[in-house]
Structures are given as C-alpha cells and as structure tokens.
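# Residue-level structural notes
Here is how the chains run, residue by residue.
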Amino acid sequence: MSHQQDRSRPSGSGTALSEAYDTALLDLDGVVYAGGEAIGHAVESLTEARAGGMRLAYVTNNALRTPDAVAEHLTELGVPAGPSDVITSAQAVARLAAGQLPSGARVLLIGGEGLRVALRERGLVPVESADDDPAAVVQGYGGPDMTWGRFAEASYAIRRGLPWFASNTDLTIPGARGIAPGNGAAVEVVRIATGAEPQVAGKPLPPMHRETVLRTGAKRPIVVGDRLDTDIEGAFNGGVESLLVLTGVTDGAQLLAAPPQHRPTYVDRDLRGLLTGQPEVTPAGEAYRCGGWTASVRGDELVLAGGSDGEGDALDGLRALCAAAWTLAGAGVCELRTGKALAGLGL
Ligand SMILES: [Mg+2]
C-alpha cells in the first residue's frame, strides 16, 4: 500500500481525469443517482468519459440488490451497464467468507437476494436457520421486509461459536423519504445480543477494494465518491487516488475538517469533473492560491479573498481553503472556523 500522495492540498492534473486514469470506480448513491433518479450531469458525463475510453465500474456497499438489478437500473437511467460492471459488498463478503470455509459449506444467510446470489457464486450454500448446520453467519442489508426473527437466528448461531461476516457497516441508508437504518444498524443489534465482532468486507475496508480490482483488472483506477469515511477512506486504504463530488452527503465544512485518510486527491462539483483537468493549488507565502482565490488563516478563522463570477471559480475557492486547512491541520483535523469563508462561495 502506498500513501505517497500529498495529503496537504488537492492535486492538479494537466489532463482530463478520464484520460489520466484507466478505470473509474464509481460509488452510486450521491454520485450517479439519488433516491432512484440520476444526479444532474451524471449521465452525459459518464457517457462522454466512456466514449473517450475510460472503463466505468460501479462499486456499492449495498448488498441487497444483485449486480443484474443494479445494471438494469443504471441502464434505465441512461447509463448503459452490464452485471460485470457492478461490484457489491455482497460479492466481497462472499469471497472473504469462502476463503475461510470448506468449499460447499453451508452459511446462515441474514440478508437479501444480492447476498444469496453472491454466496452461491462462491460455491457456498445459503441456509435459513441456525439449526440447518451452517459453518458461518453472513449478514447484509435485507431491505424493509427483513424480520426481527432473522437477527434471532444470527444470534443463536453466533452464540454457538460460528464465525460471523458482515457485508458492510453503513449505519444509515438515505432514501426518498429520509434516512433509514442500514446494515450497520442491524449488525449493532446482533453485536449487542452476542458480544461478538463480525469480519467486515465493505468500503472502506480492503476486501472490497480487492474485489473491485480483481473484477475490473484496473491498472490505474480512480475512486469517485461522495462520502469521506467510505469512498475516500477506502481509496486511501487501497493506495488509490480519488475524486470527491459534492452531489451527495459531504459539504464544504466536512471536507475542510477531514483527517488525512479522508482527504480526496481531487474535489469537484459533480461528475463533470471527470472530463476536465484539475487546477493546481499553489502556496503564496502563508496563503494558498487557486484560480482567482487566496485562502489564509487569520486568528482562529479561515479567510478567503478574491474570486469572480462563474461556477468553476467557487470550486477553486474551496480547493484553496482545503490547502490552508489541511496544511495547518497536518496529520490532525482542522479546528478553525470556516463558516464565513464557505458562505462566500455559495456552494
Ligand atoms: Mg454514496
């Protein structure tokens, strides 16, 4: 693993990211779609990146849907994809479990169709009851119809000493009506009942990144995501560069306060960022410049000067602020006040 890249400011790129990298490892929710609908500029940007020769792969922590179902959804939205373009945490946890169990072993399935298909693909036999003689418990998001009785089965089996695997531990799932409990919340239920700890596969952990690289054959991938503690940290753990887009859960204040493992290589507004180069952020004395903006520290506050009209410019202001905040924070977390500087950007 290499963590060689500069973590004190966003990087520049003289060429479009879609040319500088061979494969985009794209998160889905908050990047390609939100609440089932395509995010603005996603469809056109992905179409153009692919036409230019970039391989697109979709990497999701959601273990409920099969790659076929995800690919169908993407194709409906106007982003043609096949099942082999989709990598799920269900696939990653199935490989993780299969590596530790005899071939053809029975596993207690606590989850949905995506996990069932992934376990079978690795030669494991999903069973429904702790009394069906399973060799392990595998838990993934089961959707809104999963009953409390499933957690009871998991608890019985784990308390008998069986190994326990979880696809991912995202505590929440954003949906059209709000925030719902995710697989991480369900894992907490079983953890409380058993006192055991699962082995976890999903982002930001290495099994998911390994699954992605194995399935895509990417030589020079870039991770594209909206979440610092899964997408960006997953890229960091895998020694891969990353692009944060601001179409999902992360806002400017969170980005400025990111510890080193949560700092992306690049930041852009949306997936149009794949099609362009990225501006350099340059030191200017104690300050940092990007585009028409200069960011510096005054007392306990980050301040921003300059700027002009136009969308791209506000991003340059944020990039300059990142450099000032991250440089000052070093290996820690920036605790300066950032509200006024960010308000001026209108992002
Ligand atoms: Mg996301």
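Just above, that's the structure.
Residues numbered from 1 in each chain as written. Predicted model: local features only at pLDDT ≥ 70, side-chain atom pairs only at ≥ 80, totals over all residues. Heavy atoms only, no water.

## As for the overall build of the protein chain
Counting its regular elements, the protein chain contains 12 helices and 19 strands. Radius of gyration (C-alpha) of the protein chain: 21 Å, near the 20 Å computed for a compact globule of 347 residues. Within the protein chain, the fraction of its 347 residues that count as buried is 52%. Across the protein chain, the fraction of contacts at a sequence separation of at least 24, relative to all contacts at a separation of at least 6, is 70%. Within the structure as shown, the protein chain displays about 14,700 Å² of accessible surface, and the carbon and sulfur contribution to it stands at 51%. Positive and negative charge centroids in the protein chain, built from 29 and 41 side chains respectively, lie 4 Å apart. (Helix = DSSP H or I, 4+ residues; strand = E, 2+ residues; numbered from the N terminus. Rg over C-alpha atoms; globule rule 2.2 N^0.38 Å. Buried < 20%, exposed > 50% of the residue type's maximum accessible area, 1.4 Å probe, protein only. Contact = heavy atoms within 4.5 Å. Areas by Shrake-Rupley, 256 points an atom, 1.4 Å probe, with all protein chains shown as cover. Lys, Arg positive; Asp, Glu negative; His and termini not counted. Charge placed at Lys NZ, Arg CZ, Asp CG, Glu CD.)

## Some words on the sheet that holds strand S1 (residues 23-26)
To summarise the sheet geometry, strands pair through backbone hydrogen bonds and adopt either a parallel or an antiparallel arrangement. Pairing is parallel in the open sheet, where six strands are placed in the order S5-S4-S1-S13-S14-S15. A strand with exactly one partner marks an edge of an open sheet, and here the two such strands are strand S5 (86-88) and strand S15 (266-268). Pairs of neighbouring strands in the sheet enclose a mean axial angle of 25°, with direction left out of account. Across three bridges, the pairing between strand S4 (residues 55-60) and S5 is parallel. (Pairing = 2+ DSSP bridges. Axes fitted to C-alpha atoms, helices over the stretch in contact; angles between N-to-C directions.)

## Some points on the sheet that holds strand S9 (residues 164-166)
Taken in spatial order, the five strands make up an open sheet running S7-S6-S8-S9-S12, and their pairing is parallel. The sheet is open, and its two edges are formed by strand S7 (125-127) and strand S12 (199-200), each paired on a single side. Bridge count for strand S6 (residues 106-110) against S7 is three bridges, and the pairing is parallel. Within S7, the residue paired with Leu-108 across the bridge is Val-127. Contacting strand S8 (136-139), S9 and S12, helix H4 (residues 89-98) runs over the sheet at an angle of about 160° to S9. Together, S6, S8 and S9 form the strand contacts of helix H6 (residues 148-159), whose direction differs from that of S6 by roughly 145°.

## Considerations on H6
Compared with the 16 Å implied by 1.5 Å per residue over 12 residues, the 17 Å span of H6 between its first and last C-alpha is a close match. The complete set of buried residues in H6 reads Arg-150, Phe-151, Glu-153, Ala-154, Ser-155, Ala-157 and Ile-158. In the core, the buried residues of H6 are packed alongside S6, S8, S9 and helix H7 (183-194). (Expected span 1.5 Å × (residues − 1).)

## Looking at the pattern of salt bridges
Counted under the stated rule, the structure contains 19 salt bridges. A salt bridge links Arg-55 to Asp-85; the shortest N-O distance between them is 3.2 Å. Here Asp-85 lies in the loop between helix H3 (67-77) and S5 and Arg-55 lies in strand S4, a separation of 30 residues in the sequence. Looking at Asp-85, the relative accessible area reads 13%, which means it is buried. A salt bridge links Arg-319 to Asp-268; the nearest nitrogen and oxygen atoms lie 3.4 Å apart. (Salt bridge = Lys/Arg side-chain N within 4 Å of Asp/Glu carboxyl O.)

## Examining the environment of Ile-87
Relative to the helices and strands, Ile-87 is located in strand S5. As for Ile-87 and Tyr-58, which are separated by 29 residues in sequence, their C-alpha atoms are 6.1 Å apart. Discounting residues that sit within four places of it in the chain, Ile-87 has contacts with Ala-57, Tyr-58, Val-59, Thr-60, Met-208, Glu-211, Thr-212, Arg-215 and Thr-216.

## Things to note about the coordination of the magnesium ion
Ideal values differ by geometry: the angle at a metal is 109.5 degrees with four tetrahedral donors, but 90 or 180 degrees with six octahedral donors. At the metal site, the magnesium ion is ligated by Asp-27 (OD), Asp-29 (O) and Asp-226 (OD), and these contacts range over 2.0 to 2.2 Å. Summarised as a motif, the one-chain spacing of the donors to the magnesium ion is D-x1-D-x196-D. The partly exposed category is assigned to Asp-29, whose relative accessible area is 33%. (Donors = N, O, S within 2.8 Å, 3.2 Å for Na, K, Ca; no water.)

## Considering the packing of aromatic side chains
All told, the structure shown has two aromatic pairs when counted by the stated rule. Summarising the aromatic geometry, the rings of Tyr-21 and Tyr-266 are spaced 6.3 Å apart at their centres and angled 75° between planes, so their arrangement reads as edge-to-face. With Tyr-21 in the loop between helix H1 (17-20) and S1 and Tyr-266 in strand S15, this residue pair connects regions lying 245 residues apart in the sequence. The exposure class of Tyr-21 is buried, given its relative accessible area of 3%. Each ring, one from Trp-148 and one from Phe-151, has its centre 5.5 Å from the other, and the planes form 85°; the classification is edge-to-face. With Trp-148 and Phe-151 both in helix H6 and three residues apart, this pair spans about one turn of that helix. For Phe-151, a relative accessible area of 14% gives the class buried. (Phe/Tyr/Trp six-rings, centres within 6.5 Å; stacked < 30°, edge-to-face > 60°.)

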